[in-house]
Amino acid sequence: MSATTTPSRPGKPILEFERAVVRFAGDSGDGMQVTGSQFTTTSALIGNDVATFPDFPAEIRAPAGTLPGVSGFQIQFGSVDVHTPGDAPDVLVAMNPAALKANLRDLQDGATIVANKNAFNPAGLKKAGYEQNPLEDGSLAKFRVIEVPLSDLTREALKDSPLDPASVDRCKNFFALGIMFWLYDRPLDPTYTWIRAKFKGKQVLIDANELALRQGYYFAETAEIFTAHYAIKPASHLPPGEYRQISGNEAIALGLVTAARKAGIDLFYGSYPITPASDVLHALSRYKAHGVKTFQAEDEIAAVGAAIGASFAGALGVTGTSGPGVALKAEAIGLAVMTELPLVVVNVQRAGPSTGMPTKTEQADLLQAMFGRNGECPVGIVAPATPAECFTLTVEAARLALTHMVPVFILSDGYLANGAEPWRLPDPDAIAPITPRFVTSSDGPFRPYAHDPETLSRPWALPGTPGLEHRLGGLEKWDGTGNISYDPDNHHHMVALRAAKIERMQVPPAEVMGPAEGDLLVLGWGGTFGALRTAVEQVQREDGAAVSLCHLRYLNPFPPDLGEVLGRFKRVLVPELNLGQLWTMVRARYAVPAVKYSKVKGRPFQVAEVVARLREELAQARAEVARG
Amino acid sequence: MAESTLPKKLTRKDFVSDQEVRWCPGCGDYAILAAIQKVMPELGVPREKTVFVSGIGCSSRFPYYMNTYGFHTIHGRAPTFATGIKCARPDLTVWLVTGDGDGLSIGGNHLLHLLRRNVDIKVLLFNNRIYGLTKGQYSPTSEQGKKTKSTPMGSIERPLNPLRFAIASEATFVARTYDTDVKHMGQVFEAAARHKGIAFIEILQNCVIFNDGAFDPWINKKAKEETLAFLEHGKPITFGAGGRKGIRLRGFAPEVVTWGEGEAPPADLVVHDAHDASSAPAFLLADLEAPMVMGVLRQVEAPTYDAGLVGQIERARERAGGKADLAALFREGAETWTV
């Protein structure tokens, strides 16, 4: 903590905790995402492990003060392993009555609520649908409520600022952030740095925001509202190295650039803006110095078409979208399968069907990725488990696509896309090169469909290469020459060959966390990892139960030993944010009596609900044994 | 084998692939293919640097018959694949083959945006005013009242004029030619190839099976002297016997003016200016049905999308001053800390 810019602390004791969960909630115009991000950055910079969950409405500015307009940002930070943003906030910062109402059900007894008292006026209460003021009617008795006149205090702090009243009011989020920084003993410097960069050249705004932040900090320290504050020491379990904070979408963008570089080719990213995938396009469009070409297409189909065209021309063609976009791209993905061109399809899943709930998370596009095209049309599928893992699995997805000349899906989701965690910067030289099967000459007539006996990939002959002129298309190909063929036996053979290409992919064996065999195996995939791991570890620790977690990163093909792993457990539970899609796949593939555990609410699993379900499963397993 | 085909003078045969051409006997597509194969050697572009891209439809089989790189894609989407190819590899010469159904119906949106962006691609739109491959339904250019398998009582839709579509979409090169005039096709194709930017060519093409004679009123040998006007930049638009008919404007309305043998043409004949900054004259020409104009209606200069894309990358690289390795990328825009 800097002595120059952070005030000294008189008096109040510091209590140490291993972890804490804070949620900032307010109007979507209140700057809650910025506030949460700043709290996260500061916590990461002082060495805490962090995990975040931004939760915002699809409307850009829903009517102020109403429930649909509430935007939230939750962070869990700790000196120990943090795998989720936490189930229930220890502290809820509620900027208005709607923010309180929308978040109240997530609070446990004894939680602290910091409420902006000024916003609990008749108009604000009415918009939120409160008939009485919850700060006064005793309904919050189970909680520790700290009423702070945030609007008044911010105005008072900025009374000498030349800013207009509306702009002054917009600084109250930093006043609230100052309070939280004092409460959790964090430095102000990183936020000062951010403010100075953000408002560069606008000194009035820099002064006002810094002052609001500092006055919030002083206020918390001085006013008799908190009896103590809390310290969370740096995390000691993180391996040594240089770290940054990273969201899933940022990690995908970095992974794509890395993969193209490792293959020695250009990256071409075709995309049409869609929540929650647009940030991948935004990030990549800033990486032009790295040779990245981004194309904001006229629609989803054009985005994938251009990506496949770029692949034909020798680039790493990538398209990114969410489920509705994948639906539109289906026919073109089939063409990439037929023409055996590399393609990476990023699906940042959101709640569906149709437009669904665009800003809410879900993992209900697994079967769409598997089967959502005409004909027998197999693709590779990977699913990162954490925001940082979006980097490594993106590189691996591109490796598989380029090695086998096939489309490969990356199934991320809204939770991973916007959530952030510390990421240890990898050594670029330690990432294995990617070696596509380029050809530059041919003995005799060129055979564009002469398949490699191992990978089954066909040779990639780039336009511009003399002598290798050839034509591709969506009509069935004769194996070898690539000429159009309606021969029945050849078609059967080619369908099998395209399927075999996926099965030939080299993917790592299934990783089992916990005992290698036992009573219960939890089989998960994608963004539920943090909650499943935390829950499984808790049940292992507290109940001494023989429960393990197998979290799949590769969904097509499955890890080669998955069937064997499933067979080593008496019971298999498949928790998913869908109605049982992986469950359907493993039952069909391995004929195991797996049990499904579905949640489809647009929200991630909470650790406590998973723990409860695991205990139920274990009890049932014991009962079955007792019955013999 | 690895030698460029450029140094030796190529011939038409170098551009003929080993695939058997499978259009219906008498189809206009044969003549268009022959005209393209004939003009290719004149362009000085090596065979391997040429890519033909198509969608779906009779015309879209075209790439299979060209001994260049080729991509027969999906219905209506050829502009998107072509855009990706040209953006990834601006050194390639990209031709796009489409039809009135592929380009103006299922793929209308993509064609609009391809033209608007001015990607350096040459578009050949075969207009036969019918769906051929699906066996004879009306198309977006079929005349109103057209009786087809799907419109037994006649089509109730109003047709689209492909040239007006292209001009409205801000295409920088817009031309029309027709399948029975190999020489004119060759001239137009060559002019398109030499244009820097998008080039859109409507080719009136006869479908002998489902819409035979659709353009006969204009292009049959006996009538065409009176029904077609061939455009030449900088020259008055004339046609008819002895070239003694011209176009002049009354307000915004064009009218045909005739003068006698040995007489001087009227002084107020419309002189064709393909480079006019305004697209209004080209619209007027596109609309004419008596006579119908052939040739280059509009050719203006504008920056191309592909050059803009590459230019931004070059500028970003200069600004980065060579500090664009992966290690730098991982830190870009982020605060880091060490454990």
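Structure: above.
Now for a description of the structure that goes with this document.

The rules behind the values
- Residues numbered from 1 in each chain as written.
- Chains lettered and ligands numbered in written order.
- Predicted model: local features only at pLDDT ≥ 70, side-chain atom pairs only at ≥ 80, totals over all residues.
- Heavy atoms only, no water.
- Helix = DSSP H or I, 4+ residues; strand = E, 2+ residues; numbered from the N terminus.
- Rg over C-alpha atoms; globule rule 2.2 N^0.38 Å.
- Buried < 20%, exposed > 50% of the residue type's maximum accessible area, 1.4 Å probe, protein only.
- Contact = heavy atoms within 4.5 Å.
- Areas by Shrake-Rupley, 256 points an atom, 1.4 Å probe, with all protein chains shown as cover.
- Lys, Arg positive; Asp, Glu negative; His and termini not counted.
- Charge placed at Lys NZ, Arg CZ, Asp CG, Glu CD.
- Buried area = accessible area lost by both parts, 1.4 Å probe.
- Salt bridge = Lys/Arg side-chain N within 4 Å of Asp/Glu carboxyl O.
- Nonpolar A, V, L, I, M, F, W, Y, C, P; charged D, E, K, R; others polar.
- Expected span 1.5 Å × (residues − 1).
- Axes fitted to C-alpha atoms, helices over the stretch in contact; angles between N-to-C directions.
- Parallel < 35°, antiparallel > 145°, perpendicular 65-115°, else oblique.
- Phe/Tyr/Trp six-rings, centres within 6.5 Å; stacked < 30°, edge-to-face > 60°.
- Lys NZ or Arg CZ within 6 Å of the ring centre and 35° of its normal.
- Core = buried A, V, L, I, M, F, W, Y, C linked by side-chain atoms within 4.5 Å.
- Domains from an automatic or database assignment.
- Polar contact = N/O pair within 3.5 Å; in protein donor to acceptor, adjacent residues only side chain to side chain.

Our next topic: the overall build of chain A. For chain A, the count of helices and strands is 20 helices and 25 strands. Taken over C-alpha atoms, the radius of gyration comes to 27 Å for chain A, in line with the 25 Å a tight globule of 628 residues would show. Viewed in the frame of its principal axes, chain A has a C-alpha envelope of about 85 × 70 × 45 Å. Going through the 628 residues of chain A one by one, you find that 63% of them count as buried. Looking at chain A alone, contacts between residues at least 24 apart form 76% of all its contacts between residues at least 6 apart. Surface exposure of chain A reaches about 23200 Å², of which carbon and sulfur atoms provide 53%.

To continue, consider the overall build of chain B. Each helix and strand counted, chain B has 11 helices and 12 strands in total. Summarising its shape, the C-alpha atoms of chain B cover approximately 90 × 50 × 45 Å along the three principal directions. Buried residues in chain B amount to 53% of all 339 residues. Restricting to contacts in chain B with at least 6 residues of sequence separation, those with at least 24 account for 64%. Approximately 15000 Å² of chain B is accessible, and the part contributed by carbon and sulfur atoms is 54%. In chain B, 40 positive and 38 negative side-chain charges are present, and the distance between their average locations comes to 3 Å.

Here the focus is the interface of chain A and chain B. Taken together, the contact between chain A and chain B spans 72 residues of the former and 60 residues of the latter. Summed over both sides, the interface between chain A and chain B buries roughly 5700 Å², with carbon and sulfur atoms accounting for 63% of that surface. Put simply, chain A and chain B have 3 salt bridges between them. Here A:E469 ties to B:R47 by a salt bridge, and the two come within 3.7 Å at their closest N and O atoms. When contributions to the side of chain A that touches chain B are tallied by element, the ones reaching two or more residues are α1 (32-45), β9 (242-247), α9 (248-263), β11 (293-296), α11 (300-312), α12 (323-339), β16 (420-424) and β19 (471-473) of chain A. Ranked by residue count, the leading element in the side of chain A that touches chain B is α11(A), at 8 residues. By residue class, the composition of the side of chain A that touches chain B is 39 nonpolar, 21 polar and 12 charged.

What follows covers helix α17 (residues 529-543) of chain A. All names here are of chain A. Helix length check: α17, at 15 residues, gives a terminal C-alpha distance of 20 Å against a target of 21 Å (1.5 Å per residue), a fit within 8%. Restricting attention to buried positions, one finds in α17 the residues F529, G530, A531, L532, R533, A535, V536, Q538 and V539. Buried residues along α17 sit in contact with β20 (512-513), β21 (518-525), β22 (547-552), β24 (569-576) and α20 (607-627). A positive phi of about 60° marks G544, the residue just after α17.

What follows deals with the packing of helix α4 (residues 150-157) of chain A against helix α6 (residues 172-183) of chain A. Residues and elements named next belong to chain A. Interhelical geometry of α4 versus α6 gives an angle of 100° and a closest axis separation of 9 Å. Compared by their axis directions, α4 and α6 come out roughly perpendicular. Along the contact surface, α4 presents L150, S151, L153 and T154, while α6 presents K172, F175, A176 and I179. By residue class, the composition of the contact of α4 with α6 is 5 nonpolar, 2 polar and 1 charged.

The residue after A:N556, namely A:P557, is reached through a cis peptide bond having omega 0°. As for its position among the elements, A:P557 is in the loop between β23 (554-556) and α18 (562-567). With an omega dihedral of 5°, the bond running from B:A290 to B:P291 counts as a cis peptide bond. Tracing the sequence through the fold places B:P291 in the loop between α9 (280-287) and β11 (292-299). One non-glycine residue, B:K135, adopts positive backbone phi at about 75°. Tracing the sequence through the fold places B:K135 in the loop between β4 (121-127) and α5 (162-168).

Enumeration according to the criterion identifies 48 salt bridges over all chains in this entry. A salt bridge links A:D30 to A:K172; its shortest N-O distance comes to 3.7 Å. Of the two residues, A:D30 is situated in the loop between β2 (19-27) and α1 and A:K172 in helix α6; the sequence distance between them amounts to 142 residues. Here A:D30 matches A:K172 in class, with each residue buried. Here B:K235 ties to B:E232 by a salt bridge, and the two come within 3.4 Å at their closest N and O atoms. You can call B:E232 partly exposed: its relative accessible area is 46%. Salt bridges linked by common partners bring A:R23, A:D55, A:D106, A:K360 and A:R603 together as one network.

A separate point is the packing of aromatic side chains. Residue and element names in this part refer to chain A. Across all of its chains, the model carries 30 aromatic pairs over all chains by this definition. Taken together, a centroid distance of 5.1 Å and an interplanar angle of 65° make the contact between F39 and F77 edge-to-face. Placement of the pair is F39 in helix α1 and F77 in strand β4 (residues 70-78), with a sequence separation of 38 residues. Neither F39 nor F77 differs from the other in exposure class; each is buried. An angle of 85° between the planes, with centres 6.3 Å apart, marks the rings of F39 and Y184 as edge-to-face. With F39 in helix α1 and Y184 in the loop between α6 and α7 (189-198), this residue pair connects regions lying 145 residues apart in the sequence. You'll find F39 and Y184 in the same group, each marked buried. Linked through ring pairs, F17, F24, F39, F77, F181, Y184 and Y230 together constitute an aromatic cluster. Against the face of F529 rests R553, its NZ or CZ located 4.9 Å from the ring centre. In this structure, R613 is placed above the aromatic ring of Y597, and the distance from its NZ or CZ to the ring centre is 4.8 Å.

Formed by 159 residues in total, the largest nonpolar core has its most connected members in A:L284, A:L316, A:L523, A:L562, A:L582 and B:F71. Both domain 2 (245-430) and domain 3 (512-627) of chain A contribute no fewer than three residues apiece to this core. Look past the residues within four positions of A:L582 in its chain and what remains in contact with it is A:L366, A:L523, A:G524, A:W525, A:L552, A:L555, A:F558, A:V574 and A:E576. Counting 50 residues, the second largest nonpolar core, distinct from the first, contains A:V93, A:F181, A:Y184 and A:A235.

Once that is clear, we can look at the side chain of A:R458. Residues and elements named next belong to chain A. Tracing the backbone shows R458 in the loop between β17 (438-439) and β18 (460-461). Although R458 is buried, it makes no salt bridge; E340 carries the closest opposite charge, 4.9 Å away. One polar contact links the side chain of R458 to the main-chain carbonyl oxygen of E340, over a distance of 3.2 Å. A distance of 3.4 Å separates a polar atom in the side chain of R458 from the backbone oxygen of P448. Among all residues touching R458, those that are not within four sequence positions of it are T339, E340, L341, M405, R437, P448, Y449, A450, H451, H470 and L472.

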